[in-house]
Amino acid sequence: MEKRESILLIPVLSVEFLVKQLRDKYDPSSLRGIPPHITVLFPFKHPDEIIGEDINKLKEIFSVTEEFLFVLQSINTFPGVVFLQPSEREKFTSLTEKIVEAFPEYPPYDGRFTEINPHLTIGHELGERFDEALEITRKEIESKLPIQIKAQEIWLMELENGEWKVKEKFPLLI
């Protein structure tokens, strides 16, 4: 039986033209419907457990969170991961912290990491393909950085039958 999950993310659709081919090759979630994004919280609640009260809590949090500009400023890595590093780290981490405060049973990445590191994934779980992914990402993207983006909404997405679908969009305060 397939695992069902949900995620809260900031979509970064304006860079899809730039990263789609790389993400399709190196990030399996791209082929399953996840757009270029900065993760706000993963994993979130099991889709069957998300109720109206949860949606209302999220609406409350996001309705007082202002839109903000950030810059995809550089290519960076974690072990087995190639990503684009955004500026405004504190704004992303603050969003995550507010959600975790409202839903303390859902720490980022199941609590596996002590620090929140906002990023736009190009490839992950790369294994032996790590060097290749990093080299190609540098070749294809580095000269096009920095890229300014406006965070305007948060998406709640759910994985069902192997595909990620948008369940709810939460606009940020203008």
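Residues numbered from 1 in each chain as written. Predicted model: local features only at pLDDT ≥ 70, side-chain atom pairs only at ≥ 80, totals over all residues. Heavy atoms only, no water.

(A) Looking closely at the pattern of salt bridges. Per the counting criterion, the structure on display carries nine salt bridges. Of the charged contacts, one joins Glu158 and Lys167 as a salt bridge, the two residues approaching to 3.8 Å between their closest N and O atoms. Using a relative accessible area of 11% as the deciding quantity, one classes Glu158 as buried. Judged by its relative accessible area of 38%, Lys167 is partly exposed. Each member of the salt-bridge network shares a partner with another, and the members are Arg4, Asp48 and Glu160. (Salt bridge = Lys/Arg side-chain N within 4 Å of Asp/Glu carboxyl O. Buried < 20%, exposed > 50% of the residue type's maximum accessible area, 1.4 Å probe, protein only.)

(B) Region of the structure containing the pairing of strand 4 (residues 81-86). The buried fraction of strand 4 is high, at six of six residues. Taken together, the six bridges between strand 3 (residues 68-78) and strand 4 define a ladder with antiparallel strand orientation. Residue Leu72 lies in a different strand from strand 4, and its bridge partner there is Pro86. The antiparallel pairing of strand 3 with strand 4 creates a hairpin that spans two residues between the two strands, and Gly80 there sits at a positive phi of about 75°. (Helix = DSSP H or I, 4+ residues; strand = E, 2+ residues; numbered from the N terminus. Pairing = 2+ DSSP bridges.)

(C) Representation of the packing of helix 3 (residues 52-63) against helix 4 (residues 89-102) in the model. Contact geometry of helix 3 with helix 4 gives a least axis separation of 11 Å together with a crossing angle of 145°. In terms of crossing hand, the pair formed by helix 3 and helix 4 is right-handed. Along the contact surface, helix 3 presents Lys57, Leu58, Ile61 and Phe62, while helix 4 presents Leu95, Lys98, Ile99 and Ala102. Across the contact of helix 3 with helix 4, the residue classes tally to six nonpolar, no polar and two charged. (Axes fitted to C-alpha atoms, helices over the stretch in contact; angles between N-to-C directions. Left-handed = near helix turned anticlockwise from the far one by under 90°. Contact = heavy atoms within 4.5 Å. Nonpolar A, V, L, I, M, F, W, Y, C, P; charged D, E, K, R; others polar.)

(D) Molecular detail of the packing of helix 1 (residues 16-26) against helix 5 (residues 130-141). The geometry of helix 1 relative to helix 5 is characterised by a closest axis approach of 10 Å and an angle of 170° between their N-to-C directions. When the axis of helix 1 is compared with that of helix 5, the two are roughly antiparallel. On helix 5, the residues touching Leu18, Val19, Leu22, Lys25 and Tyr26 of helix 1 are Glu132, Ala133, Ile136, Thr137, Glu140 and Ile141. When its residues are assigned to classes, the contact of helix 1 with helix 5 shows seven nonpolar, one polar and three charged. (Parallel < 35°, antiparallel > 145°, perpendicular 65-115°, else oblique.)

(E) Structural detail: the nonpolar core. Within the largest apolar cluster, 43 residues are counted, with the highest numbers of intra-cluster contacts made by Leu8, Leu72 and Ile99. With near-sequence residues (within four places) excluded, Leu8 lies in contact with Thr39, Val40, Leu41, Phe44, Leu58, Ile99, Ile154, Trp155, Leu156 and Phe170. Within the second largest apolar cluster, eight residues are counted, among which are Ile7, Leu9, Trp155 and Met157. (Core = buried A, V, L, I, M, F, W, Y, C linked by side-chain atoms within 4.5 Å.)

(F) Examining unusual backbone geometry more closely. A cis amide bond links Phe42 with the next residue in sequence, Pro43, at an omega value of -10°. Within the secondary structure, Pro43 is located in the loop between strand 2 (37-41) and helix 3. Of note, the bond from Leu145 into Pro146 is cis; its omega dihedral lies within 30 degrees of zero at 5°. If you check the backbone angles, Tyr109 has positive phi at about 50° while not being a glycine. Despite not being glycine, Asn161 shows a phi value in the positive range, around 55°. Looking at the secondary structure, you find Asn161 in the loop between strand 7 (153-160) and strand 8 (163-171).

(G) Molecular detail of helix 5. Between its terminal C-alpha atoms helix 5 stretches 16 Å, which fits the 16 Å expected from 12 residues at 1.5 Å a residue. All of the buried residues along helix 5 are Phe130, Ala133, Leu134, Thr137 and Ile141. Each buried residue of helix 5 sits inside an arc of 95° when the element is viewed along its axis, so together they form one side. Of the exposed residues in helix 5, those oriented more than 90 degrees away from the buried face are Asp131, Glu135 and Lys139. (Expected span 1.5 Å × (residues − 1). Arc of directions from axis to C-beta.)

(H) Quick peek at the side chain of Ser30. Along the polypeptide, Ser30 turns up in helix 2 (residues 28-31). Only 2.6 Å separates the side chain of Ser30 from the side chain of Asp24, close enough to count as a polar contact. Not counting the four nearest positions on each side in its chain, Ser30 is found in contact with Lys20, Arg23 and Asp24. (Polar contact = N/O pair within 3.5 Å; in protein donor to acceptor, adjacent residues only side chain to side chain.)

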